[in-house]
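Examination of the molecular architecture
Here are the chains, one letter per residue:
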Amino acid sequence: MACHDKQPDDLIFFVNGKKVIERQADPEELLLYYLRKELRLSGTKYGCGVGGCGACTVMLSTYDPVAKKIRHHPANSCLLPICSLHGAAVTTVEGVGSIKKRINPIQERLAKCHGSQCGFCTPGMVMSIYALVRNHVKPSMEQIISALDGNLCRCTGYRPIIDSYASFAKEQTCCQLRGTGQCCLDQEELGCSSSAGVRIRSGLCNPAEFLPVDPTQEFIFPPELMRMAQEQQKKTLTFCSKRTTWISPSSLKELLELKAKYPKAPLVVGNTSLGLNKNDHDAYHPIILHPLRIPEMQVVSITDDGIVIGAACCLAQLRDILMETIPKLPNEKTKIYQALLQQLRTLAGEQIRSMASLGGHIVSRGSAWDLNPILSAGKSVLSLASNGGKRQIFLNDQFLAGHKHADIEPKEVIVSVLIPYSTKDEFISAFRQADRQKNAFSVVNAGLRVLFSPGTDTIVDLSILYGGIGSTTLSARKSCEKLIGRQWDDQMLSEACKLVLEEISLPPSASGGKVEYRRTLLVSFLFRFYLEVLHGLHQMVRTGQELHISISREAARNFWYAELSQDKMSALGMLQSGVPQGVQVYQDVDRGQSPQDPVGRPIMHQSGIKHTTGEAVYIDDIRPVDGELSLAVVTSIKAHAKIKSIDISEALQVPGVINVVTAKDVPGKNGNDEEEAFAKDKVICVGQIICAVVAETLTQAKCGAKKVKIVYEDLQPVLAIKVTMHLLFLDAIKHNSYITEERKLEKGDIEKGFKSADKIIEGELHMGGQEHFYLETNSVVVIPRMEDKEMDVYVSTQHATEVQKLVASALNLQSNKVMCHTKRVGGAFGGKITKPSFFAVIAAVAANKTGRPVRFALERDMDMLITGGRHPFFGKYKVGFMKNGRIMAADFQCYINGGCTKDESELVIEYIVLKVDNAYNIPNLRVRGHACKTNLPSNTAFRGFGFPQAGLFVETCIVAVATKTGLPHEKVREINMYKGVNRTAFEEEFDAENLWKCWKECLVKSDYHSRNAKVEEFNKKNYWKKKGIAIISMKFSVGFNATYFHQAGALVHIYLDGSVLVTHGGIELGQGIHTKMLQIASHELKIPLSYIHFCETSSTTVPNGKYTAGSVGTEINARAVQDACQILWKRLDPIRRKNPKGKWEDWISEAHKKSISLSATGYFKGYETNMNWETKKGHAFPYFLYGAACSEVEIDCLTGAHKNIRTDIVMDASFSINPAIDIGQIEGAFIQGVGLYTLEEIYFSPEGEQLTLSPDTYKIPAVCDIPEQFHVYLLPNSCNSIAIYSSKGVGEAGFFLGSSVFFAIRDAVAAVRKERGLPLDFTLNSPLTVERIRMACDDIFTKMIPKDKPGTYKPWAIDIS
Ligand SMILES: Cc1cc2nc3c(=O)[nH]c(=O)nc-3n(C[C@H](O)[C@H](O)[C@H](O)COP(=O)(O)OP(=O)(O)OC[C@H]3O[C@@H](n4cnc5c(N)ncnc54)[C@H](O)[C@@H]3O)c2cc1C
Ligand code: FES
Ligand code: FES
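Per chain, residue numbering runs from 1 following the sequence as it is written. Think of it this way: whatever chain is written first is A, whatever ligand is written first is 1, and the rest follow in order. The predicted nature of this model means local features are confined to residues of pLDDT at least 70 and side-chain atom pairs, given and counted, to a pLDDT of 80 or more, with totals for whole chains, interfaces and linings taken over all residues. Note that water and hydrogens are dropped before the side-chain values are worked out from all heavy atoms of the structure.

Section: helix H10 (residues 335-346)
Under the scheme applied here, a residue whose accessible area is under 20% of the maximum for its type counts as buried, over 50% as exposed, and between as partly exposed, the area being computed with a 1.4 Å probe on protein chains only. Strands are runs of DSSP state E lasting at least two residues, helices are runs of H or I lasting at least four, and both sets are numbered from the N terminus onward. Most of H10 is tucked away: nine of the twelve residues are buried. Lys335, Ile336, Tyr337, Ala339, Leu340, Leu341, Gln343, Leu344 and Thr346 are the residues of H10 that are buried. In the segment just after H10, Ala348 is the residue with positive phi, at about 50°.

A closer look at the sheet that holds strand S16 (residues 442-452)
Here four strands make up an open sheet; going across it, the order is S15-S16-S17-S18 and the pairing antiparallel. Two strands bound the open sheet, and with one partner strand each, they are strand S15 (426-434) and strand S18 (474-475). Here a strand pair is declared whenever DSSP counts at least two bridges between the two strands. The pairing of strand S17 (residues 459-467) with S18 spans two bridges and is classified as antiparallel. Its bridge partner lying in S18, Tyr466 is registered against Leu474. The contact criterion used throughout is that any non-hydrogen atoms of two residues lie within 4.5 Å. Only C-alpha atoms enter the line fits that serve as axes; for helices the fit covers just the stretch in contact. Angles between N-to-C directions range over 0 to 180 degrees. Sheet contacts for H10: S15 and S16; angle to S15, the most-contacted strand, approximately 10°.

Observations regarding the environment of Ser422
Assignment of secondary structure puts Ser422 in the loop between strand S14 (413-420) and S15. Considered as a pair, Ser422 and Leu451 are 29 residues apart in the sequence and their alpha carbons are 9.6 Å apart. Ignoring anything within four residues of it in the chain, the contact list for Ser422 reads Glu332, Lys333, Thr334, Lys335, Ile336 and Ile428. A polar atom in the side chain of Ser422 sits 2.9 Å from the backbone nitrogen of Lys335. Under this definition, polar contacts are N or O atom pairs within 3.5 Å; protein pairs additionally need one hydrogen-donor-capable and one acceptor-capable atom, and for neighbouring residues in sequence, both atoms have to be side-chain atoms.

What about the site of ligand 1?
In these notes, residues near a molecule or strand are those with any non-hydrogen atom within 4 Å of it. Of all residues adjacent to ligand 1, which total 32 residues, the nearest are Leu267, Thr272, Leu274, Ser357 and Asp370. In isolation ligand 1 has 980 Å² of accessible area, and contact with the protein removes 95% of it. Put simply, the parts of the chain that give the shell around ligand 1 at least two residues each are helix H12 (358-364) and S14. Of the residues forming the shell around ligand 1, the biggest block, four residues, is contributed by H12. For the area figures, the Shrake-Rupley method with a 1.4 Å probe applies, and any residue is considered shielded solely by the protein chains shown.

Topic: the environment of Arg623
Of note, Arg623 is situated in the loop between helix H20 (608-613) and strand S20 (629-635). Judged by relative accessible area, Arg623 falls into the exposed class, the value being 53%. Separated by 396 residues in the primary sequence, Arg623 and Arg227 have C-alpha atoms spaced 35 Å apart. Excluding residues within four positions of it along the chain, Arg623 makes contact with Arg40, Glu628 and Arg855.

Some points on the side chain of Asn897
Residue placement: Asn897 occurs in strand S35 (residues 887-897). With a relative accessible area of 0%, Asn897 lands in the buried category. Within the structure, the side chain of Asn897 is placed 2.9 Å from the backbone oxygen of Leu719, a separation counted as a polar contact. From its side chain, Asn897 meets the backbone oxygen of Ile1360 in a polar contact 3.0 Å long. With residues up to four places along the chain from it excluded, the contact list for Asn897 reads Leu719, Ala720, Ile721, His871, Pro872, Cys932, Thr934, Leu936, Asn939 and Ile1360.

What about the nonpolar core?
In terms of nonpolar packing, the biggest core is built from 277 residues, with Tyr158, Tyr165, Tyr466, Trp488, Val879, Phe892 and Trp1144 touching the most fellow members. Broken down by element, this core gets its largest block of residues, 15 residues, from helix H17 (residues 515-547). Sequence-distant contacts of Tyr466, that is, excluding residues within four places in its chain, are made with Val444, Asn445, Ala446, Thr472, Thr473, Leu474, Val500, Ile504, Leu522 and Leu526. Core analysis: the next-biggest nonpolar cluster, separate from the first, contains 84 residues, Val15, Leu322, Leu329 and Leu384 among them. The criterion is simple. A nonpolar core is a set of buried Ala, Val, Leu, Ile, Met, Phe, Trp, Tyr and Cys residues joined through side-chain atoms within 4.5 Å.

Regarding the pattern of salt bridges
Salt bridges are defined by distance alone: a side-chain nitrogen of Lys or Arg within 4 Å of a carboxyl oxygen of Asp or Glu. Under the criterion given, the structure shown has 76 salt bridges. Across the pair Asp149 and Arg353 runs a salt bridge whose closest N-O atoms are separated by 3.1 Å. In this pair, Asp149 sits in the loop between helix H5 (141-147) and helix H6 (159-166) while Arg353 sits in helix H11 (residues 350-355), placing the two residues 204 residues apart along the sequence. Taking the relative accessible area as the measure of exposure, Arg353 reaches 1% and is therefore buried. The salt bridge involving Asp891 is made with Arg928; its shortest N-O contact spans 3.2 Å. In this pair, Asp891 is assigned in strand S35 and Arg928 in strand S36 (residues 924-932), connecting sequence segments 37 residues apart. Sharing partners across several salt bridges, the network here consists of Arg36, Lys37, Lys45, Asp620, Asp621, Glu628 and Arg855.

Concerning the UniProt feature "binding site: substrate" (unreviewed entry) in the chain
UniProt positions are given in the numbering used here, feature names are shortened, and annotations may be inferred rather than shown by experiment. The sites that UniProt annotates as "binding site: substrate" (unreviewed entry) are Phe945. Along the chain, Phe945 falls in the loop between S36 and helix H28 (947-965). For Phe945, a relative accessible area of 9% puts it in the buried group. With sequence-adjacent residues up to four places away left out, Phe945 is seen in contact with Arg870, Glu904, Leu907, Val908, Tyr911 and Glu1292.

With respect to helix H35 (residues 1219-1238)
One less than the residue count of a helix, multiplied by 1.5 Å, gives the span that helix is expected to have. Taking 1.5 Å of rise per residue, 20 residues should cover 28 Å, and H35 covers 28 Å from first to last C-alpha, within 8% of that figure. A large share of H35 lies buried, amounting to 20 of its 20 residues. The N-terminus of H35 is capped by Asn1218, whose side-chain oxygen sits 3.0 Å from the backbone nitrogen of Ala1220.

Quick notes on the sheet that holds strand S39 (residues 1025-1038)
Hydrogen bonding along the main chain pairs the strands of a sheet, whether they run parallel or antiparallel. Ordered in space as S6-S19-S49-S48-S47-S39, the six strands form an open sheet in which the pairing is mixed. Edge positions in the open sheet fall to strand S6 (200-202) and S39, since each of these has one partner strand only. Across the sheet, the axes of successive neighbouring strands diverge by a mean angle of 15°, strand direction being ignored. Bridging between strand S47 (residues 1183-1196) and strand S48 (residues 1202-1211) involves nine bridges; their strand directions are antiparallel.

Remarks on a positive patch on the surface
Like charges are joined within 9 Å and nonpolar side chains (Val, Leu, Ile, Met, Phe, Trp, Tyr) within 5 Å, but only among residues with over 30% relative accessible area and no salt bridge; these make up the patches. Asp and Glu count as negative and Lys and Arg as positive, but His and the ends of the chain are not part of the count. Working definition for charges: the position is that of NZ of Lys, CZ of Arg, CG of Asp or CD of Glu. There is a patch of like positive charges on the surface, built from Lys18, Arg40, Lys100, Lys101 and Arg623. Position of Lys18 among the secondary structure elements: in strand S2 (residues 18-22).

Description of the packing of H28 against helix H29 (residues 969-976)
How two helices pack is summed up by the angle between their axes together with the distance between the axes. Here H28 crosses H29 at 115°, and the two axes come no closer than 9 Å. Crossing handedness for the pair H28 and H29: right-handed. Contacts between H28 and H29 involve Glu955, Ile958, Val959, Val961, Ala962 and Thr965 from the first element and His969, Val972, Arg973 and Asn976 from the second. Left-handed describes a crossing whose near helix is turned anticlockwise from the far helix by less than a right angle; the clockwise case is right-handed.

Quick word on the pairing of S48
In terms of burial, S48 is a largely internal element, ten of the ten residues being buried. What sits between S47 and S48 in their antiparallel hairpin is a turn of five residues, with Gly1200 showing a positive phi close to 85°. For the segment spanning S48, H35 and strand S49 (residues 1269-1274), crossover handedness is right-handed. For a crossover, the right-handed case is the one in which the path from the first strand over the helix to the second runs clockwise, viewed with the strands pointing away from the viewer.

Here it is as structure tokens:
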């Protein structure tokens, strides 16, 4: 069937209560793009396009005419074909509530609890919880957490999001000091040693102000859709485009006929497997079958043999059925169900679980799919049907391997799956280990089952299946056969491990890397299963005896299993994070402060409500303008090569393509002195932009880009700082490939220092880089104006001035013709300082060439491919110290991998050299820093700007000293910490008083010493799980080492109605800069916040702004705003004095009559700073900020998983202008730091191509990664005479404190190694991923696996640090 023989049906669905009729529905169109482009509902965001981030979440409601029930569930609209929506009601964030109509309590509470920063993830968060609350009016906290599994936030650290939704939970969580019996509202804490004379407050929002939940506010399910569902039960639906036809049959018979006619046609249910290939425009399906309305495929029945589930049921339904059924059945019958449930709890996010079907899961047979191993081990049976009849096959290893005789035929479909009951003598377990606890594909998973001869432990049947090793699930069938008849004992285990490792082999070059880790997991899981079964046997015999059932006395005597020892018991069970709880404590404003004055109070983000309603506009939300074109780029596939030719002829033939733009089309300068916008003759990294295709639509532009042919001539690339094995690329150190000259600092007399030391140690640290992973990808819209070659550039950037400069120079224009506008940025973290200018140049050159507006919004994979991130780091140290831990001398060599151009690398290496001392006074110190030039995408600024690398490096030295001396780590830290008034290596004077205050306060607040003792106690009892605790201190230098970086401008207008418009040069990145500006204007002008508005950052109102970064963006712009407001206030002086009792409006009207200007510019010259690299002295930074953090973790020695138990942070934020914003920054930065140090890993191929290009492969922290207890205290009674209102910039400082988790994990690993008699002077490189943790816990299993000699194979990925 094709549509030309039949009129296509009208696609009918509802969006936010409004009926949508699509007469020409395109089966390839996905809901996200349809909502944004066709319906102009831009609240639903694009974050990744592959179901991994949750930014695109909507709620789907469908009516089941048979069950007469409405089902609501969350869904990732980026994977949802619109044709699957016939008869459904879609709710987007706009439908939940809006400022125009009425906001929903879900939106209001999230905003009031400060749960949004940049706001880009926020609509998705709202939708996930909205869908939950539609199904469960009072959900449990566990359900709330689980509903957020599939939503990523890069800004907040999740704590405020969870807090805001806790107010909907069944459990009464009245406030943040849960469990203390005290309410957080208006509570003055008992205080701390530094809080004398000030009021201390906890909690950042007031639940008493929350709107009550009003069910009448929700849309009712459209009755028309109910009628349609009834009437169209028997109707076949067909939708078609030029190349694809979508058919939704109404009966199984019809489906089977269609499948017979179109055997190659896929059955699309969730589209979560098939939909992932959508980027390949050429790979399409002429016919798609949609079997969702077929009753047999939706069946759920409990039979004598087990549970039968329709193949079209989604995984969330399967979970719910299992949860409902398990308690009703005897335990022995439910072992497979329990194992499945365990996998379903961590599999993907709730959106994917609600879309993905069981049948799709089984048939697509992904390597790491979690249910297939267990379904197969549990002997599940597939009911198949074709127009030739029905049959049943086992879902066994041969089916999974795709053996022809055991597989489903092209004409067949799976109708349902029988998941049988387990029996008394059977044990079944499932395991999975992923890079992140939740919403991450398994690295390895397993399904294991053993059947014993009744009343014995003799193996009758055994199944061992693994995922994540081959291209699909693999079975250790031969090993299992050999073990039949064996007793369940230690000998059997050793034999099993040996056999499995022989049978399931993983080549050293295997895709996905982590080869030794994966091999270790094979046997680690086997061991855990062995123990689980032993434990189960013991339980069974005991229960059998106690209940006098089934097992005879005789049998019980012969078959006695002692309870596992505590050591072995500790191997059982996975680490699972509990419901996180937080405490935030800060100094309150003075009692005398006017209630109207917002400074010092936790004011909600100025755009908070707009974030939650989706009304906040980001670049790609700007409505298309007339004639607008889309742009896609062609990037280099070579790390280093000459460009021999570029052939664009085929691309120009693609329908819709308007033009191809190359370096030749740049009328002015092609980039800047360091970097080309379009590569001209040579490429210097994979991902470098060579040319751009502009077309009527993005699909056409992408299609055109694929057709551009480039011929390269290979040159040898430099990829790593230092290589340890011989590969095809070079390393920077050996080949003297540097971006800048060495940066060096010296203090004291290093040689003398080493001579005086009792001991000297040497070591190295490697640290990986980090992706910014801002939720909003780089985006720019360029609109040429009609006159004078003017251009409007709407751009997501931290540095509008640079965009303006580069665009003007590329187009040979004066800067006064280029108007840059940025309303807000959906996260940046340093990643949008340099690169957006180049993206803007690309779009502007295209706009210039075509004379039409151009939109360039990068897709996630392109953004990750093209842009660099945090610099990978390699450090070598030599440290001399005394027996008491005092460091006498240190010699540090620091290297960063800068990538292919200079970018910010020079500054980053300078900061590493300047900041590497952290909190420690090393009397004799030499630091040398090098920025390496390699053929990787250029690395750039990232929150903390070198300090996260430098800090981890020096802390590693501290730990090395503590290990060598055998002293407690905190003692070594204390003995080396700066005390009193001191000087840094570059002779900057500072007072360490607050460093010590934070440290001491943190020791007390975290109860460090007694918890440390408890950790030791735990570790003595648990062999396979260990806890670790670490406390670290921090001296963080704020700002830049040159005055002009700190200059800022502002423009404040007062209008005749008294309203005030504030503009300044800073950009809103989520850090709440505008909110604080409004607070400052309100304070200075003594008017309520409601009078003041901020519109946008624009080069037309405040010129020459510096980049918003370095933690100082807010305070320097604040000084400019203050300046402008004070000028205005002064101008109003005579009027006020004349009419002191008058209102603000009266004064303004009078001022106007008196011809007093009501507009003023404000300016801040900048903090005096300087650094002289000749003399190696300077006042490099405006001021220091201090902090301390204590973290406790638990690790699973068998898998490398870890859980963050508790973190306490004490931060010297001085007087916080807005404690909600500042604490939000600390928490968010901390969690981003936890990401850098424990989770986030970028992989590059030996050819220099980045392999981690989506949230599927690159894991940023999710809700499951935050500490179960997360406490933040702002140090009271602290002053800072330098910054406005005695505040401090806290945007970056919290980041490094994330390393307390790194060192807590190291502590736990050290406990493992100590117990096993392994060397304790081991080095752990960063990030401490599951792989690194597991492999550091050396044991019989890591020793058992085959090892490959480095250099004898080509690895899948290389180490570039
Ligand atoms: C972001 C994300 C995260 C994920 N995380 C995990 C995870 O952690 N663990 C995990 O195990 N999986 C994970 N998955 C994979 C997920 O489980 C599968 O994609 C899903 O189960 C496939 O189901 P579907 O209905 O979406 O299949 P579709 O994409 O709709 O179809 C897949 C294939 O199955 C065929 N098919 C579907 N139904 C039938 C049938 N009844 N008879 C015959 N053929 C049929 C189709 O023809 C098609 O070829 C994840 C997926 C995504 C996108
Ligand atoms: S955009 Fe859909 S999940 Fe990321
Ligand atoms: S607020 Fe969540 S990504 Fe920015």
